[in-house]
Every structure is written in structure tokens, then in C-alpha cells.
Amino acid sequence: MSIELPSRYQPGEVEKAVYTRWETAGYMHATIDEAREPDKHYCIVIPPPNVTDRLHVGHALNNTLQDILVRFNRMQENNTLWLPGTDHAGIATQTVVEKRILAEEGKRRTDFDRDEFVARIQDWKDEYEETITRQLKLMGCSCDWSRQRFTMDDVCARAVRRAFFQLFRDGLIYRGKRLVNWDPATQTVLADDEVEHEEVRGHFWYMQYPLDKPVEIDGERFEHVTVATTRPETMLGDTAVAVNPKDPRAEALVGLYVRLPIVGRLIPIIADEHVVLFDPDSDDEAARFSTGFLKVTPAHDPDDYEIGLRHDLPRVNILAPDGTVSHQFGWDDWDQIKNPDVENLIGMDRLEAREAVVEWFRTENLLEDVREYVHQVGHSYRSHVPIEPYLSDQWYIAVKKPIKHLATKFGDGLIEGTDAPENSLAGLALRPVLDGDIRFTPERYAKTYQTWLENLRDVPISRQLWWGHRIPVWSKPGTVDEFCGEDDAAVIRSEDSDATYVCPAPGRPDLEQKLELAGFVRDPDVLDTWFSSALWPFSTLGWPEEKDELDVFYPTDVLCTAREIITLWVSRMVMMGQYCMDDIPFRDVFIHAMIQDGEGRKMSKSLGNGIDPLDIIDSHGADAMRFTLASMTTQTQDVRMPVEQTELPDGRTVNTSPKFDQGRNFANKLWNAARFALMNLGDGAPPVDLDNLEFADRWILVRRDRTIAEVTQWLKQFRFNDAAQAIYDFTWHDFCDWYVELAKRRLHDKQQAPQARAVLAFVLDTILRLLHPFMPFITDELWNHLGRAVPVRGLGEGSEAADSVMLASWPCAIGALQEAGIGTEMKVMQEAVRAVRNIRSKMNIDDRTPVDAIVFSSEETLRQTVEENQADLAHMANLSGLTVTDSAEKPPQSAIEILGDLEVYVPLGNVIDLDAERARLEKQLDDVRAKLAGSEKKLANEQFVTKAPDEIVERERAKAADLRSQAEKLEQNLSDIQ
């Protein structure tokens with residue numbers, strides 16, 4: 001009894017049921033099998049998506065690639081774990097929740113107490129975590145959901161406390177007042193790699209600062225110095241003016257003072273080599289825009305901060321955390337300022353204050369010039385507003401401080417060519433890449449990683465937020481007695497203030513209570529998101545508690561991620577894996593391409609060019625989406641995906657891309673081929689008998705072996721597009737276009753049918769296995785139907801198929817069938833068939849009309865190949881007769897196709913009405929010649945060629961070339977039937 005599938009593949013009716021079957025059966029759950037060899041375990045921890053929003057098509061790409069690797073390794077009989085989870089994303093999540101509450105309720109964060117506000121964010125997290133999990137399941141991601149983690153759940157929180165305590169105890173965490181990257185929108189500090197630099201069109205303002213006492217230099221009277229700045233508002237915090245000691249004016253000016261405009265502060269002129277000398281003819285843009293004098297604002301510029309340290313300058317902070325001008329956050333000489341113009345600036349936003357300051361200088365005739373200037377400005381990677389260099393107390397990790405107790409394992413001394421000690425955190429992260437223990441694919445990204453670590457500064461880890469892991473440090477002014485031994489708590493004294501900081505060991509709530517009773521106050525800040533994310537590869541597996549998962553699955557195997565977080569996340573994971581686990585967290589880092597729209601723009605909601613993966617699943621199916629994304633994953637930097645709108649059956653208009661049609665068409669092609677096979681496998685099929693193979697059987701099995709080798713190789717090398725292409729070519733062209741068609745003749749022959757069915761089932765089985773990592777839903781659905789038709793299949797005696805293709809083993813090559821020449825022989829057959837089909841096309845002969853064919857070749861081996869396979873050739877080309885000859889005489893009134901050493905003739909007299917066909921071709925040729933004459937006349941007109949736009953001329957030339965080609969083909973066709 002044959003098995004008949006629906007005539008069309010409907011992914012919406014299949015995918016949910018298939019995934020439910022996987023979950024119910026527990027196919028995705030990894031077991032703890034310590035008896036296995038270490039190299040037979042495989043683990044990927046998912047790059048945890050932020051709980052800020054739904055997943056986008058970039059997430060779909062990343063997770064598709066991970067799932068391909070996971071399913072591939074599971075089928076290679078590795079004990080495979082794909083551990084899912086989400087990230088709390090401190091700044092981003094708190095910001096979106098604050099915006100929602102403000103828009104819907106008109107309330108700000110400060111209108112709630114801390115616990116109440118955190119509970120509101122938790123509700124948001126629960127909602128979007130559920131949405132993200134649902135999206136991943138709809139994409140077909142075969143995660144072990146029983147192990148799902150969240151960066152703030154109890155398991156991860158214990159790891160954060162342990163890691164913080166160890167770092168604190170080792171003296172790698174300290175508190176200090178530094179100039180930081182400040183985000184005025186979210187009002188928190190950012191690390192250097194959380195700052196995105198954007199090109200901005202701005203200005204240089206040239207402002208005159210009056211000298212306290214005029215001075216004469218080389219006969220010229222100086223009453224002021226002119227400074228140039230791109231941020232005029234910061235002049236309120238100036239505490240010096242600097243000049244390069246090589247400047248000819250320096251000797252006369254250094255040691256004098258200027259009266260700071262508006263503020264009235266008397267500030268010194270100092271000499272510092274950092275100042276760029278003015279040179280209007282220099283190639284250095286800074287020298288051309290310079291005046292030779294630099295306003296020094298130590299509290300609002302990183303270079304000025306360093307100058308301030310060198311010259312012991314005061315640091316005057318003139319901004320509040322929200323970016324408004326304020327005298328309450330470090331404006332130490334405010335009480336001495338009496339100018340009402342300064343008071344008018346209080347409360348202004350920094351950009352509003354910029355305009356007001358410039359207008360004041362203009363009114364006072366102290367604005368000497370304004371010049372346009374294009375420069376790079378740092379922006380927050382979260383709020384996208386310009387960051388503000390800001391003086392602030394923060395917690396830092398010392399990344400290049402040697403860790404004494406790690407010297408034995410990791411060595412000491414500097415890594416050659418760097419300032420990073422081997423046993424520093426930066427050294428721990430750098431060494432595995434330099435030694436090749438961690439491999440980047442593509443290799444060029446290893447240099448990005450290396451350069452960043454070599455230039456890394458101490459990292460600020462505190463954030464001025466409520467959502468996140470609260471910093472486990474209690475402080476109190478003054479020196480206090482030790483509360484307990486070093487195993488119970490770590491204690492440090494502040495560098496910049498008279499305070500004691502205590503970090504209790506994890507699991508000591510009694511000590512925390514004792515500290516609070518003694519007047520200690522817990523730090524209000526939280527740790528940056530990257531602190532907990534850095535622990536992800538081992539915190540998710542249960543560290544610091546002893547867990548079997550750690551022994552079995554750590555280190556993990558592959559990290560699949562985007563280039564934008566190589567510094568933010570990848571480096572931190574290696575750093576903390578080495579520090580906490582004494583081992584690297586993964587062996588391979590695959591950096592996938594970024595998806596852009598058809599114009600090369602980043603996909604975003606604001607541009608309206610984003611694609612929701614669930615819309616693609618609704619319009620094309622998850623398998624089509626996955627296969628298309630994998631096919632686009634080359635090892636280049638970016639891939640383009642044209643975006644267009646389409647209407648779904650439910651009436652919604654959504655963004656999709658014609659690119660996904662490829663995946664949908666492929667799924668339909670596979671479905672139809674499997675449908676044909678299953679209709680002919682209803683009576684079952686024996687295992688394949690390698691001693692009883694027809695030519696087509698031997699050819700498809702050799703192609704099978706080659707495809708298995710190619711796909712296996714490409715997947716191990718992360719060449720996803722090459723693997724997808726190899727499967728596509730084998731399935732569509734070799735199997736569907738040729739082998740299935742060749743098999744049709746034999747399936748109706750009682751003697752040949754059993755072996756044809758055997759090979760048909762065996763090759764379809766292989767295709768489903770090879771394609772499963774890319775298209776899991778359709779392959780598992782077809783696998784189940786194939787199992788009903790042919791439960792035992794394979795070679796020799798065969799074996800019973802697994803319940804799911806997900807549990808099936810990766811296919812192996814037969815090996816014994818690597819027969820020399822089989823591919824060449826099949827190519828001859830294919831060329832002969834194509835030749836007949838080409839003649840049919842150009843002569844308008846219906847495919848259903850049988851024709852005679854004469855095949856000529858001077859090569860005996862080619863003639864022999866055609867003769868030995870006459871039956872298949874006749875079947876594929878619908879021939880009523882076939883003659884193979886070494887005579888080159890062309891039969892009268894016949895069409896010809898020449899393909900290399902093969903000539904194919906089709907006599908036309910008994911097939912078409914030669915007179916009618918001749919008349920049709922002559923009329924068509926006349927029409928083409930008339931159009932060609934008109935085009936050539938236009939191109940011969942010199943005025944048209946010289947005056948018309950280039951694109952119009954080129955279009956006309958292309959049109960003429962196409963018409964000439966058409967005319968040549970029609971002339972050949974006429975010649976054939978003369």
C-alpha cells in the first residue's frame with residue numbers, strides 16, 4: 001500500500017506538531033555520561049539574548065547556525081548539550097521599562113522604591129523571556145530547555161557573588177575617582193568598549209580668554225589668548241590654559257594667568273607637550289585647527305584629566321548626572337562666583353548651555369571665529385546619545401595587575417610586545433589566542449581581539465542602576481576593626497576617601513547583618529551586565545558548586561556570535577574562564593556575518609527595514625528561513641538581504657525578502673520528490689545490494705559519498721554556505737532532476753523495481769540526514785513517513801531506522817563505489833539529454849512528442865557510454881529511436897546541438913510542419929532584424945552617443961547586442977530545417 005503525502009508542503013501544519021514531538025520524547029535533553037571519551041561530548045552555550053525585546057533576523061541567523069552545529073554533532077553520536085538562556089541587559093532593560101512607565105503612567109523611576117521598581121522590570125523580563133523562548137522553539141532550536149538559565153537567576157547569582165569575592169580578595173577590584181564615559185540619558189558609566197564612535201558635523205569655536213596682565217612678545221602686545229574647542233560649555237570648568245613648551249610664545253606666557261570669561265576664575269598658563277602646535281600648512285588636521293593654546297578642563301576631558309594630574313590642577317565638575325549644568329556635584333569654587341550670567345546657565349542641558357555660552361562670547365566680542373569641523377564623537381551603545389567625560393567614583397577591575405597565586409600555572413613576566421603580565425587578567429585572556437588554543441573563524445578577528453586586549457585599561461564594573469546584580473560591598477567612613485578572618489570577608493581601604501569597604505564571602509547573610517548593625521551601608525550600584533555574562537560558560541553549568549555538568553561539558557566547544565561583541569563579551573569570557581576555572585571557556589569562536597538590507601543599511605525599527613523571523617516563518621516556513629540564512633553565511637563581513645512588503649494569509653502586511661523564496665522552493669522540491677518516492681515505496685524495499693547495481697544506481701551512490709564528505713568537511717570548518725550548497729546541488733540536481741527521473745522507468749519493471757526502490761529509499765534516507773541540521777522540521781516529518789514505508793533500510797541486511805532523524809547517525813560513505821569514470825559517463829548522458837531538450841525548445845517541439853535522435857562522436861568511449869545507456873537516454877529525452885554513429889554526415893532537415901565531442905541531431909520532417917515552422921522563423925527573424933536596424937541607426941548617430949546620458953547609451957548597446965544574438969539563433973534554426 002503506497003503512502004501518499006499532501007500535494008503541497010504546508011509548514012504551518014507540520015512544524016508545531018514536530019517540535020511538540022521532540023519535546024515530549026526528550027530528544028533535546030543532554031545526559032551526564034562521564035563514561036564517554038572527552039572528545040565525544042559537545043556543548044554550546046547560547047549567546048543569551050537581551051530581555052529587552054523580541055528576537056530579530058540577526059538572532060535567527062545566529063541561532064540557526066548554532067542549531068546546525070548542535071544537530072550535526074548530535075547525529076555524530078556526541079553527547080550534545082545546547083544550553084539556552086537570556087541576559088538581564090541592565091542598562092537597556094531598565095531604560096525601556098522606564099520609558100514605558102513614563103509613557104503609560106507618567107511616573108519616573110524615583111517615584112517608586114527600589115524593590116517595587118525592580119519588580120516592574122521583572123514582570124517585563126518574564127514577558128519577553130517567554131516570547132524569546134517561544135521564538136526559538138518556532139525556529140526549531142533544539143535547546144535543552146530543562147537547563148534554561150537567566151543571568152540573574154539563583155544559579156548565576158551564586159556564581160557572580162563567588163567571582164566578585166575572589167577578585168576582591170585578590171586585590172583586583174578597587175574603588176577610585178576617575179574620568180569615565182558617562183551616559184547622561186541612562187545616567188550611568190560605560191566601559192570604553194560600550195562607546196560607539198560616530199562621525200559628527202560640528203564646529204570649532206575660537207574664544208578669547210583675557211590675560212590678567214597684558215604682556216609684550218616680540219614687540220606685539222598680548223591682551224588675551226585664543227583657545228579653540230568643540231565643546232564651549234565645558235569652559236565653565238577650565239582650571240588652566242596650556243601651551244606647548246616649544247611654542248615661541250611659551251617663555252613669555254607660562255606662569256601668567258587668564259581671567260576665565262563668565263566665571264571670573266583666575267587660571268594659570270602652563271606648559272605641556274600634549275598641546276598641538278599651530279601649523280596652517282600641516283597634513284595634521286589638529287595642527288591646522290589649533291591656536292597653540294588649549295583650554296584645560298580636567299573634570300570633562302580625558303586628555304585634560306591627564307594634564308591635570310601632571311600639573312596638580314583642580315578638577316571642577318560643572319555637570320549633573322543628567323547632563324545639565326549644576327554647581328552641586330564638584331564645583332568647589334561656586335561660592336566665589338558672583339556673576340549672574342553663570343547662574344542663568346544652571347539647569348540648562350549641556351547642548352543648550354553650549355549655545356548660551358557661545359552667544360555670551362559673541363555678545364562680549366570675545367568670539368574670534370567659528371569653523372566647521374567633522375570629527376568622531378563617542379555615543380552610548382544603548383541610548384545613542386553623545387557620552388560625556390565625567391568625574392565619578394566607580395568600582396574597577398585591574399586587568400593588568402599580576403595575580404601572584406596564578407604565576408605557577410600561567411607564568412609571570414610580560415607577554416612579549418605587550419604591557420600585559422602573563423598572570424594578569426588581560427594576559428590570561430590574550431595567551432590562549434596567541435598560542436592557538438582558541439581559534440577565531442574568520443582568522444582576521446583574532447587581531448581585533450588581540451589589539452583590544454593589548455590596549456586595555458582598567459574596566460569600570462559599577463553601574464548606576466537598580467536592575468542588575470547589586471554590588472556586594474558594605475562601606476563605612478573611617479578605619480574599623482576586622483570583623484572576621486579573610487575566608488569570611490575581604491577588606492580594602494579607599495584610595496580617595498577615608499572609608500573601609502568590606503565584601504563578605506558568599507553565603508554569609510549573618511555577616512551582612514552584622515555589618516549593617518555596625519553602621520555599614522551597602523553600595524547602591526549594580527554590576528555591569530558584562531560581569532555576569534563573562535561567567536556564562538560555567539555559571540550556567542553550576543559553578544562554583546561541584547557539578548557533574550562542569551566535568552562533562554566544560555570547556556564548551558564553540559561560541560557563535562557577532563563581531564560587535566568580540567571585545568565586550570568574548571574577551572571577558574576568556575578572561576574569567578581562565579581566572580575562575582583555570583581553563584578556556586571554548587575552543588572555537590565563529591564570527592558570523594551581519595545582515596543588512598538591500599541597500600547595505602543596518603536593519604532597524606526606525607528605518608522600517610527590519611525583518612521579524614516569525615513573519616518569515618508564517619510566510620515561508622522555519623525550514624525555508626533557516627536554509628536561506630545558512631546559504632547566505634559566507635565568511636565575509638556582511639550579507640545583503642533585499643526587504644519588501646508582503647501580505648500574509650491573515651491580512652497582515654509584513655517585511656519579508658525574496659531571498660527566502662529559495663528556501664521555500666527547495667522545501668517544496670524535496671517534498672515533491674519524497675512524495676513520489678513514498679508513492680512507489682508502499683510495498684517496501686529491500687536493503688541495497690551493492691553487487692546488483694544499474695549505472696544510475698552506481699552514479700548516485702558515488703555522488704552520495706562525495707556529498708557526505710563535502711558537507712562534513714564544510715560544517716567542521718564553519719563553511720555553512722558551502723555545506724548548504726553541496727546538499728542543495730545533490731538533492732535538487734542529482735537526486736530530483738536525474739536519479740528520480742531515471743528510476744521511474746525501472747520502478748515499473750518487476751525485475752528491476754526492488755533494487756530501484758532500495759536505492760531510492762537509501763538515498764532519500766541520506767538526504768534527510770544531511771539536510772536535517774539545516775531543515776529539521778520537513779526532514780523529520782518525511783523521515784517518519786519513510787519509516788512507515790521502509791522501516792529497515794541501508795546496505796546488506798540493513799537496519800531499523802531511528803524513531804526520529806534527530807536521533808539518526810550522520811551518514812557514512814560506502815567507499816567501495818569510487819569507480820573511476822562514473823562521473824564522466826553520467827556527464828555524457830546528461831549532455832545528450834540536454835542536447836535533445838535544447839533542440840525541442842528552439843524548434844517548439846512539445847516535450848510529450850517522441851522524437852528520433854542521432855548521436856555522433858569520434859570518441860569510441862563516448863559512443864560506448866551512450867550505447868550502454870540507451871534505455872535511460874530514451875526515457876529521459878522521450879526518444880522514439882536512437883542511433884549512435886561515428887559518421888559525421890548531417891541528416892537532411894534536422895536540428896543540431898554540439899556539446900564538446902558530442903553531436904546530437906534530431907530529424908524534423910516527421911515531427912513538425914517544416915513549411916509552417918520556416919514561415920514562423922522567417923517572420924520572427926524579419927521582426928528582429930528591423931528592431932536591430934533601428935537600434936544600430938540610433939547608435940550610429942553621433943549626437944545620440946555623445947549627448948545622451950551614459951546609462952541610456954549603454955542600455956541601447958546592450959539591446960543591440962541582444963538582438964544580434966537573437967538573429968544569429970534564428971538564422972541557425974532556419975539553416976537546420978533547410
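Because the structure is a prediction, the values reported are computed rather than measured.

A. Spatial organisation of the overall build of the protein. Across its full length, the protein holds 31 helices and 34 strands. Residues counted as buried form 55% of the 978 residues belonging to the protein. Put simply, of all contacts in the protein between residues at least 6 apart along the chain, 76% involve residues at least 24 apart. Separation of charge centres in the protein, based on 110 positive and 167 negative side chains, amounts to 3 Å.

B. Broad picture of the sheet that holds strand β24 (residues 588-592). Taking strand neighbours across the sheet as the criterion, the three strands line up as β15-β24-β23 in an open arrangement whose pairing is parallel. On the outer flanks of this sheet lie β15 (439-441) and β23 (558-562), each paired with one strand and no other. In this sheet, adjacent strand axes meet at a mean angle of 20 degrees when their direction is disregarded. Bridge count between β15 and β24: three bridges; the pairing is parallel. Bridging across to β24, Arg439 finds its partner in Asp588. Contacts between helix α18 (residues 566-581) and the sheet are confined to β15, β23 and β24, with β23 contributing the most and set at about 165 degrees to the helix.

C. Structural view of the packing of aromatic side chains. For the structure shown, the criterion picks out 33 aromatic pairs. The ring of Tyr396 has Arg178 lying over it, and the distance from NZ or CZ to the ring centre is 5.9 Å. For Arg793, the ring lying beneath its charged end belongs to Trp783, and the centroid distance is 4.5 Å.

D. Region of the structure containing the pattern of salt bridges. Scanning all chains against the criterion turns up 62 salt bridges. Salt-bridge contacts for Lys744 lead to Glu741; the nearest nitrogen and oxygen are separated by 3.0 Å. With Lys744 and Glu741 both in helix α23 (residues 720-747) and three residues apart, this pair spans about one turn of that helix. By sharing partners, the salt bridges in this structure join Asp615, Asp618, Asp650 and Arg652 into a single network.

E. Representation of the sheet that holds strand β5 (residues 173-183). The strand order β6-β5-β14-β16 describes an open sheet built from four strands, whose pairing is antiparallel. Looking at the sheet topology across the chains shown, the edges are occupied by β6 (188-190) and β16 (459-460). Where β5 lies against strand β14 (residues 388-397), ten bridges are found, and the strand directions are antiparallel. When the bridges of β14 are listed, Lys177 appears paired with Asp393.

F. Fine view of the packing of α23 against helix α28 (residues 870-877). At their nearest, the axes of α23 and α28 sit 9 Å apart, and the two run at 105 degrees to each other. Looking at the two axes, α23 sits roughly perpendicular to α28. Residue-level contacts link Asp737, Trp738, Glu741, Leu742, Lys744 and Arg745 of α23 to Ala871, Asp872, His875 and Met876 of α28. Split by residue class, the contact of α23 with α28 holds four nonpolar, one polar and five charged.

G. Examining helix α25 (residues 776-789) more closely. With 14 residues, α25 should reach 20 Å at 1.5 Å per residue; the first-to-last C-alpha distance of 20 Å fits that figure. Summarising burial for α25: eleven of the 14 residues are buried, a large majority. Within α25, burial applies to Pro776, Phe777, Ile778, Thr779, Asp780, Glu781, Leu782, Trp783, His785, Leu786 and Ala789.

H. Representation of the pairing of strand β11 (residues 266-271) in the model. Pairing analysis gives three bridges linking strand β9 (residues 240-243) to β11, with the strands arranged parallel. Note on β11: the bridge partner recorded for Ala242 is Ile270. One ladder, built from three bridges, connects strand β10 (residues 257-259) with β11; its direction is antiparallel. Within the sheet, the bridge partner assigned to Val258 lies in β11 and is Ile267. The hairpin formed by β10 and β11 contains six residues between the paired strands, and Ile262 there has a positive phi angle of roughly 65 degrees.

I. Quick peek at the nonpolar core. Within the largest apolar cluster, 226 residues are counted, with the highest numbers of intra-cluster contacts made by Phe164, Phe168, Phe440, Tyr579, Phe735 and Phe774. Looking at this core element by element, the count peaks at 16 residues for α23. Residue contacts for Tyr579: discarding those within four places in its chain leaves Gln166, Leu167, Asp170, Leu172, Ile403, Leu406, Leu425 and Leu428. Residues Leu236, Val243, Trp334 and Met348 belong to the second largest nonpolar core, which totals 46 residues.

J. Main features of the packing of helix α26 (residues 822-842) against helix α27 (residues 860-868). The geometry of α26 relative to α27 is characterised by a closest axis approach of 10 Å and an angle of 70 degrees between their N-to-C directions. By the angle class used here, α26 and α27 are roughly perpendicular. Two secondary-structure elements touch here, α26 through Glu825, Val828 and Met829 and α27 through Leu862, Thr865 and Val866. Partitioning the contact of α26 with α27 into residue classes produces four nonpolar, one polar and one charged.

Cut-offs applied
Here the residue index of a chain counts from 1 through its sequence in written order. Totals for whole chains, interfaces and linings use all residues, but because this is a predicted model, local features are given only for residues with pLDDT of at least 70 and pairs of side-chain atoms are given and counted only at 80 or more. Based on all heavy atoms of the structure, the side-chain values leave hydrogens and waters out of the count. Numbering goes from the N terminus for both helices and strands, where a helix is a DSSP run of H or I of at least four residues and a strand is a run of E of at least two. Between buried and exposed lies partly exposed: a residue is buried under 20% and exposed over 50% of the maximum accessible area for its type, with that area taken using a 1.4 Å probe on protein chains only. Throughout, a contact is declared for two residues whenever any of their heavy atoms are within 4.5 Å. For this count, His and the chain ends are skipped, Lys and Arg are scored as positive, and Asp and Glu as negative. Taken as the charge location is NZ of Lys, CZ of Arg, CG of Asp or CD of Glu. Here, any two strands with at least 2 DSSP bridges between them count as paired. Axis geometry follows a simple rule: fit a line to the C-alpha atoms, using only the stretch in contact for helices, then measure angles between N-to-C directions, giving values from 0 to 180 degrees. By convention, a stacked pair of Phe, Tyr or Trp rings (six-membered ring in the case of Trp) has centres within 6.5 Å and planes under 30 degrees apart, an edge-to-face pair has planes over 60 apart, and any other such pair is tilted. Any Lys NZ or Arg CZ that is within 6 Å of a ring centre and within 35 degrees of that ring's normal is treated as a charge sitting over the ring. Counted as salt bridges are all cases of a side-chain nitrogen of Lys or Arg within 4 Å of a carboxyl oxygen of Asp or Glu. Each angle receives one of four descriptions, namely roughly parallel if under 35 degrees, roughly antiparallel if over 145, roughly perpendicular if within 65 to 115, and oblique otherwise. Side-chain classes are defined by residue name, with Ala, Val, Leu, Ile, Met, Phe, Trp, Tyr, Cys and Pro counting as nonpolar, Asp, Glu, Lys and Arg as charged, and the others, Gly among them, as polar. Here the expected span of a helix is defined as 1.5 Å times the quantity of residues minus one. Definition used in this section: a nonpolar core is a set of buried Ala, Val, Leu, Ile, Met, Phe, Trp, Tyr and Cys residues joined via side-chain atoms within 4.5 Å.

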